[in-house]
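Chain and residue survey
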Amino acid sequence: MSPLLEARGLTKRYGATVALDSVDFQIDAGITGLLGPNGAGKSTAIKLFLGLIKPTSGSAEVMGVKSYESVEVRSRLGYMPEHDCLPSSVTASEFLTHMAQVSGLPPSHARTRAADVLRHVGLDEQRYRSIGEYSTGMQQRVKLAQALVHDPMIVLLDEPTTGLDPGGREEMLDLIRRTGREFGISIVLSSHLMGDVESTCDQIIVLDGGHVVEEGAISQFTQE
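Let me sum up the structure you'll find in this document. (Residues numbered from 1 in each chain as written. Predicted model: local features only at pLDDT ≥ 70, side-chain atom pairs only at ≥ 80, totals over all residues. Heavy atoms only, no water.)

1. Digging into the sheet that holds strand E3 (residues 31-35)
- Taken in spatial order, the 6 strands of this open sheet run E6-E7-E8-E3-E9-E10, and their pairing is mixed. Each of the sheet's edge strands pairs with one partner strand only, and the pair in question is strand E6 (77-80) and strand E10 (211-217). Between one strand axis and the next, the sheet turns by 15° as a mean value, whatever way the strands run.
- Helix-sheet contacts for helix H5 (residues 136-148) involve E6 and strand E7 (154-158), and the interaxial angle to E6 is about 165°.
- In the packing of helix H6 (residues 166-183) onto the sheet, the strands contacted are E3, E6, E7 and strand E8 (186-191), and the crossing angle to E8 comes to about 155°. (Pairing = 2+ DSSP bridges. Helix = DSSP H or I, 4+ residues; strand = E, 2+ residues; numbered from the N terminus. Axes fitted to C-alpha atoms, helices over the stretch in contact; angles between N-to-C directions. Contact = heavy atoms within 4.5 Å.)

This is how it looks when you write it as structure tokens:
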């Protein structure tokens, strides 16, 4: 069985800066942690798999296909960006329904799916409030919900606990674990926090300075 995501000789340069330097790794079903300090190349790798940018050389394939060459493959992916990206003046219900329709769901199915996903992330009672009124933790949940609303095969989460206090961080990580378990969606969790990856992931890929420095089952990294 081929991997869900595979990097082969993957290189990305921005001018003189090398963000990824001929890396090779693959990601299979389950929850995989992409761990490394800021500037390690994690966000660049995610954008390459999403097809948002093209590699300088090598390839980033999704189920054997280069994502920037296939709209169909991109539709199987969900993405939770690190940066703020939510419209503040619409309700979560409106936003999720719109995102589901953009992904090709018919209006009635989109509304039902939006309600189901908002219930899953714990925003059912708050779904008719404007997103601009939400706390940071609630906004992070909306970002996760929009990554899930079109029922993707894989979701890529870029620093999903950014801005959260310890309690909010643990709630988000529990939600990510339940998403993998209950929805059967494979997840790539990008983080600079070993604790987040250790408590959530099955597999781990460690990036530093644009290179893969370690990879394997999470149990290898947590044994004394």
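2. Brief notes about the pairing of strand E9 (residues 203-208)
- In terms of strand pairing, E3 meets E9 through 4 bridges, oriented parallel. By the bridge assignment for E9, Thr32 is matched with Gln203.
- With 6 bridges joining them, E9 and E10 adopt antiparallel strand pairing. Looking at E10, one finds that Val206 is bridged to Glu214.
- Between E9 and the antiparallel strand that follows it, E10, lie 2 residues; Gly209 among them carries a positive phi value of about 60°.

3. What about helix H3 (residues 92-102)?
- Buried residues of H3: Ala92, Ser93, Phe95, Leu96, Thr97 and Ala100, and no others.
- The secondary structure elements touched by the buried residues of H3 are helix H4 (107-120) and H5. (Buried < 20%, exposed > 50% of the residue type's maximum accessible area, 1.4 Å probe, protein only.)

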